[in-house]
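What follows is the residue order along each chain.
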Amino acid sequence: MTENIMEDNKKEKIEALQVLTEFNERLVKNMKIIVKELSGERLDDTDNFLSAIVNAINWEIEVVNGTMDVLNEGHARVDKEKFNQAVIALGSAITLKDDSKMAEEFKKVIPLFEELGKAAEEVTE
């Protein structure tokens, strides 16, 4: 019985990572766009766009936290400490509402989210 629960649990985590894989691609693309907007090409809806991106990042963080054992099964694919530090730095820049600092932190965090997408893809293949 416990084995079935563990298998179901792992299956659910893999399904969550499959959703993340599709979602992640769009998120990374949007982060690259927001960097341009925060680097001097601000639009009327930049703040709304930023808010949507922050919500998407938070969703992915929840998935990562809930699936870290599966993501790093066999070998480490995601360095949680490095990932967390980058996200915290981004959060601090967003709190300051400083466009150039936010753009810089997004540039640092984008490669980590790209790695996350690849790791999720690898696990779900």
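Residues numbered from 1 in each chain as written. Predicted model: local features only at pLDDT ≥ 70, side-chain atom pairs only at ≥ 80, totals over all residues. Heavy atoms only, no water.

### Examining the nonpolar core
Inclusion rule: Side-chain atoms within 4.5 Å link the members of a nonpolar core, which is a set of buried Ala, Val, Leu, Ile, Met, Phe, Trp, Tyr and Cys residues. Working definition: with a 1.4 Å probe on protein chains only, accessible area under 20% of the residue-type maximum means buried, over 50% means exposed, and in between means partly exposed. Strands here mean DSSP runs of E at least two residues long; helices mean DSSP runs of H or I at least four residues long; both are numbered from the N terminus. Two residues qualify as a contact provided that any one of their heavy atoms is within 4.5 Å of a heavy atom in the partner residue.
Counting residues in hydrophobic clusters, the biggest one holds 36 residues, and the most contacted among them are M31, I57, L71, F106 and F113. Only α1 (2–38), α2 (46–71), α3 (80–96) and α4 (99–124) provide two or more residues apiece to this core. Discounting residues that sit within four places of it in the chain, F106 has contacts with M31, I34, V35, L38, L50, I53, I57 and L90.

### Re unusual backbone geometry
Phi is positive for K97, close to 55 degrees, though the residue is something other than glycine. As for its placement among the helices and strands, K97 is situated in the loop between α3 and α4. For K97, a relative accessible area of 70% puts it in the exposed group.

### Here's the deal with the pattern of salt bridges
What counts is decided by this rule: Note on definitions: salt bridges are taken to be side-chain nitrogens of Lys or Arg within 4 Å of carboxyl oxygens of Asp or Glu.
Throughout the structure, instances matching the rule amount to eight salt bridges. Here D99 makes a salt bridge to R42, at a shortest N to O gap of 2.6 Å. Here D99 is found in helix α4, whereas its partner R42 is found in the loop between α1 and α2, with 57 residues between them in sequence. Between E105 and K108 there is a salt bridge, with its nearest N and O atoms 3.4 Å apart. One end of the pair, E105, and the other, K108, are both in helix α4, three residues apart, so they sit about a helical turn from each other. A network of salt bridges, in which partner residues are shared, links R42, D47 and D99.

### Brief notes about the environment of F106
The residue F106 is located in helix α4 in this model. Using a relative accessible area of 0% as the deciding quantity, one classes F106 as buried. Sequence separation of F106 and M31 is 75 residues, and the distance between their C-alpha atoms is 6.8 Å.

### Some details on the environment of E115
Positionally, E115 belongs in helix α4. For E115, a relative accessible area of 40% translates into the label partly exposed. Sequence separation of E115 and D79 is 36 residues, and the distance between their C-alpha atoms is 9.8 Å.

### Focus: the packing of aromatic side chains
Counted only if it meets this: Any pair of Phe, Tyr and Trp rings, taking the six-membered ring for Trp, is counted once the centres come within 6.5 Å. Such a pair is stacked with planes under 30 degrees apart, edge-to-face with planes over 60 apart, and tilted for the rest.
All told, the structure shown has two aromatic pairs when counted by the stated rule. Plain terms: the ring middles of F23 and W59 are 4.6 Å apart, the flat faces sit at 55 degrees to each other, and that makes the pair tilted. Separated by 36 residues along the polypeptide, F23 in helix α1 and W59 in helix α2 bring together distant segments of the chain. Classification of W59 as partly exposed rests on a relative accessible area of 31%. Measuring from centroid to centroid gives 5.1 Å for F83 and F113, while their planes differ by 50 degrees, and the two rings are tilted. With F83 in helix α3 and F113 in helix α4, the pair connects residues that are 30 residues apart, well separated along the chain. A residue is classified by how much of its surface remains accessible, and F83, at 3% relative accessible area, is buried. The class of F113 is buried, set by a relative accessible area of 0%.

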